[in-house]
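Working through the structure, step by step
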Amino acid sequence: MTTSMNRVLSSGAAVEPEVSRKARPRIRPGALTIHATMILLAFIAIFPVYWMVVSSLKAENEIFSTGLWPSAPSLDNYGFVLSQIPMLRMLANTTVVAGVTAALHVLTGLFAAYALVRWRFRFSGFVYGLIALSWLVPFQVTMIPNYVLASRLGLLDTLAGLIVPHAAAAFAVLMLYHAMKSFPTEIIEAARMDGAKHWRILWEIITPNLRASLASLGILAFISAWNEYFWPLLLSRSIENSVVQIGLQMFMTQEGNLWGPLMAASTLASLPILAIYLLLQRQVIESFMKSGLR
Amino acid sequence: MASIRISSLHKVYGKTPAVRGVDLSIGTGEFVVILGPSGCGKSTLLRMIAGLEDITSGVVAIDDVIVNDLEPGDRGCAMVFQNYALYPHMSVSENIGYSLKVAGVARAERDEKIRRVATLLGLDTFLDRRPAQLSGGQRQRVAMGRAMIRSPRVFLFDEPLSNLDAKLRLQMRLEIKRLHRELGSTSIFVTHDQLEAMTLADRLVVMNGGKIEQVGTPQEIYRRPASLFVADFLGSPPMNFIPAVIDDEGKAVCADGLRPCPDLIWDLEPGAEVRIGVRPGDLQIVGRSARGALPFEVEMVEDLGTENHLHGTTTGLRMTAVLATGEAVPDHPFAVLIPESAVHLFRERDGARIDPRSVSRIH
Ligand SMILES: Nc1ncnc2c1ncn2[C@@H]1O[C@H](COP(=O)(O)OP(=O)(O)OP(=O)(O)O)[C@@H](O)[C@H]1O
Ligand SMILES: [Mg+2]
């Protein structure tokens, strides 16, 4: 900003009025309203996260106080969490499950989208429709059959059992289908003239040009797999083979919730997602914009 | 280098026919230009030769081997696309060398060939750039290089110059001609630009409505268009047409009873409707009283620098005459005369060219 401004300034007197107009932007009332609303919404969104972190630092007797900052912040709750459940193991499990699920989403999505876009076969429109429809089928409908299948395959209480049912997703197929559809046909034809067959065209021509879509999809899939709760709840038996979302549940007991440890565990569980947000902020925002989810 | 034989080739998209029975033989090393209006099936024909489009019926053979079912990459054809179709994520050298990479050519040999082609096309300083960092003309060159590197048997061009400005187009046209002379590969070039067609072609193929209208050298086609369509399509400004009827003697009579070519006789049944065609540049300016003269009323003169275009009417019909700039536009009423050698006559019924009886002079 400053450098471009300097360049403009030094480029001559002729542009000066323009610059000075730009330098002092007038604040219009409409913009003010919008900004105020945005700030309010941002506050509403951020506050629970803030409250979670703050509560995790509070001592037990202070947990219900409305103070915005604990009188004596301590990491005792974190120590308690780590001693009660294998939190690190669960975090590792969740990372594996979410990572592999995201990778498989991308892979199966690529294959299916390529076939649907590039191959002309009977009923391809019908197949596409079926996939689109399957997106609308709620989890609860497939839960029981999936559970039966997983138990027959001996996948109960395994990480593979958490991954396999989510290896392919209609959302991934649809998203990549549209990305691939808008990829210029001429470039693919040029590759065909150069002797490339389907495998090369997919990996060497199309995929490198879909990086933005693939990154978006990967991030979305990772986050949604990370936040998965019901399926692990059904499938997991031992706490060693479980994921963090199940770990959180350990602090909700029949005698009441252990709020401090619960908040500490939640904070730990959110850290990786937070890290992704911070590292890949641009891609995440882009991906949410692209997928039309906000 | 290869010869190509195409016989009764058809392409139907769903129910709409795009190519309707094309027969064409192309000799080794020949430069063939396919010319025709938009939507006449030029691209479809080219893409069927390339293998990018399924053949509905008919045969495409390269070097007498039927290639109907071969993959595009296995036909030995290279193609230059209208929008260049460069790989956006690859550098210029990767773009040019991709076909060699696919073919499994070793890196050293590949680099050597890439450098040779790049030098030939003046691209050596751009090898590390991405296509997005090149100008239109440079992209065009990269597309050419990508086609050349495999020393293909056949070059296919689908309007490769239509996205360039006029000056660059001329330059690339000359370059393509030069490359063809150096490499001598069989080439098929699709365009709807007459000038490109006339200057590049060893042999010109004019297409219309999915069919071939005429095949010949550019000169043959320009001088003896075989149909009304070809006559109308080729030439700028376009040919003038005068509707006429054949009388009992076999002579053509147009409106007001005028006989534009009083000494020519056609073997057509009396009453047959025809159209007399004459190129604007062939018209001669004469006095109103000359035999066979058509009175000409000038409405507008366009000075193009090298020549004047006289737009006006003759017996109520629009007509254009061309005068060299040196020749003065007459300031008195005048007429135009169609020299016998410049007469083209087409039957109205089917647009076919009908030549006059050669021994028809009655002096
Ligand atoms: N994929 C397609 N599906 C249906 N019809 C098509 C398809 N491709 C081309 N056509 C039709 O086939 C006809 C010939 O098309 P083609 O692209 O060969 O024309 P062209 O001569 O190359 O025209 P242009 O000079 O505009 O490129 C057109 O009427 C077009 O609408
Ligand atoms: Mg075309």
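Residues numbered from 1 in each chain as written. Chains lettered and ligands numbered in written order. Predicted model: local features only at pLDDT ≥ 70, side-chain atom pairs only at ≥ 80, totals over all residues. Heavy atoms only, no water.

**Notes on the UniProt feature "domain: ABC transmembrane type-1" (unreviewed entry) in chain A**
Sequence positions flagged by UniProt for "domain: ABC transmembrane type-1" (unreviewed entry) are, in local numbering, residues 91–280 of chain A. Secondary structure within residues 91–280 of chain A divides into 75% helix and 2% strand; the distance between the first and last C-alpha atoms comes to 20 Å. (UniProt positions renumbered as here; feature names shortened; annotations may be inferred. Helix = DSSP H or I, 4+ residues; strand = E, 2+ residues; numbered from the N terminus.)

**With respect to the confidence of the model for chain A**
The pLDDT averaged across chain A works out to 82; a share of 88% of its residues lies at or above 70. Here residues 1–21 of chain A is modelled with pLDDT under 50, and outside its nearest four sequence neighbours on either side it reaches 5 contacts, counting other chains as well. (pLDDT = per-residue confidence, 0-100. Contact = heavy atoms within 4.5 Å.)

**Remarks on the UniProt feature "transmembrane region" (unreviewed entry) in chain A**
With numbering matched to this structure, UniProt assigns "transmembrane region" (unreviewed entry) to residues 31–53, 96–117, 126–147, 159–180, 201–226 and 258–280 of chain A. Across residues 31–53 of chain A, helical content stands at 100% and strand content at 0%; the span's end C-alpha atoms are separated by 33 Å.

**Some thoughts on the layout of surface pockets**
The computed volume of the largest pocket comes to approximately 910 Å³. As for the largest pocket, its lining consists of 31 residues, of which His105(A), Trp135(A), His166(A), Ala168(A) and Ala169(A) are closest to the centre. Within the residue set of the lining of the largest pocket, elements represented by two or more residues are helix H5 (87–118), helix H6 (124–136), helix H7 (139–152), helix H9 (170–181), helix H12 (211–226) and helix H13 (230–235) of chain A. The greatest single-element share of the lining of the largest pocket, amounting to 7 residues, is contributed by H12(A). Classifying every residue of the lining of the largest pocket by side-chain character gives 22 nonpolar, 8 polar and 1 charged. Counted as a void, the second largest pocket has a volume near 700 Å³. Lining the second largest pocket are 28 residues, with Arg118(A), Arg120(A), Arg192(A), Leu52(B) and Asp54(B) positioned closest to its centre. Mapped onto the lining of the second largest pocket, the elements with two or more residues apiece are H5, H9, helix H10 (185–193) and helix H11 (198–209) of chain A. At 4 residues, H10(A) tops the list of elements feeding residues into the lining of the second largest pocket. When the residues that make up the lining of the second largest pocket are grouped by side-chain class, the tally is 12 nonpolar, 4 polar and 12 charged. (1 Å grid on protein atoms, 1.4 Å probe; cavity = no way out; pocket = protein on both sides within 12 Å on 5 of 7 lines; lining within 4 Å. Points joined across faces, edges and corners; volume = space filled by probe spheres on them. Nonpolar A, V, L, I, M, F, W, Y, C, P; charged D, E, K, R; others polar.)

**Observations concerning the site of ligand 1**
Residues and elements named next belong to chain B. In the vicinity of ligand 1, the residues found are Tyr 13, Ala 18, Pro 37, Ser 38, Gly 39, Cys 40, Gly 41, Lys 42, Ser 43, Thr 44, Glu 159 and His 192. Contacts to ligand 1 include Gly 41, whose backbone N or O atom sits 3.0 Å from an oxygen atom. The side chain of Glu 159 places a nitrogen or oxygen atom 3.1 Å from an oxygen atom of ligand 1. Look at ligand 1: alone it shows 640 Å² of surface, and the protein chains cover 57% of it. Per element, the largest residue contribution to the shell around ligand 1 is 3 residues, and it comes from helix H1 (residues 42–50). A breakdown of the residues in the shell around ligand 1 according to their chemical character gives 4 nonpolar, 6 polar and 2 charged. (Near = heavy atom within 4 Å. Polar contact = N/O pair within 3.5 Å; in protein donor to acceptor, adjacent residues only side chain to side chain. Areas by Shrake-Rupley, 256 points an atom, 1.4 Å probe, with all protein chains shown as cover.)

**A word on the domain arrangement of chain B**
Residue and element names in this part refer to chain B. As far as domains go, chain B holds domain 1 (4–228) and domain 2 (239–347). Here domain 1 and domain 2 have C-alpha centroids that lie 40 Å from each other. Each partner contributes to the interface: domain 1 provides 6 residues, whereas domain 2 provides 6 residues. Of the roughly 510 Å² buried at the junction of domain 1 and domain 2 (both faces included), carbon and sulfur atoms supply 67%. In this assembly, domain 1 and domain 2 are joined by 0 salt bridges. Linking domain 1 with domain 2 are 1 residue pair in polar contact (both at pLDDT 80 or more). (Domains from an automatic or database assignment. Buried area = accessible area lost by both parts, 1.4 Å probe. Salt bridge = Lys/Arg side-chain N within 4 Å of Asp/Glu carboxyl O.)

**Here's the deal with the interface of chain A and chain B**
Listed as interface residues are 17 residues of chain A and, on the opposing side, 27 residues of chain B. Regarding the contact of chain A and chain B, the summed buried area is about 2000 Å², with carbon and sulfur atoms giving 53% of it. The interface formed by chain A and chain B holds 2 salt bridges in total. One salt bridge connects Glu189(A) with Arg47(B), and the closest N-O pair in it is separated by 2.7 Å.

**Some thoughts on a nonpolar patch on the surface**
Residue and element names in this part refer to chain A. On the surface, Trp 119, Phe 121, Phe 123, Phe 126, Val 127, Leu 130, Leu 133, Trp 135 and Leu 136 cluster together to form a nonpolar patch covering roughly 970 Å² of accessible area. Here Leu 136 lies in helix H6. Taking relative accessible area as the criterion, Leu 136 reaches 62% and is therefore assigned exposed. (Patch = residues over 30% accessible without salt bridge, like charges linked within 9 Å, V, L, I, M, F, W, Y side chains within 5 Å. Buried < 20%, exposed > 50% of the residue type's maximum accessible area, 1.4 Å probe, protein only.)

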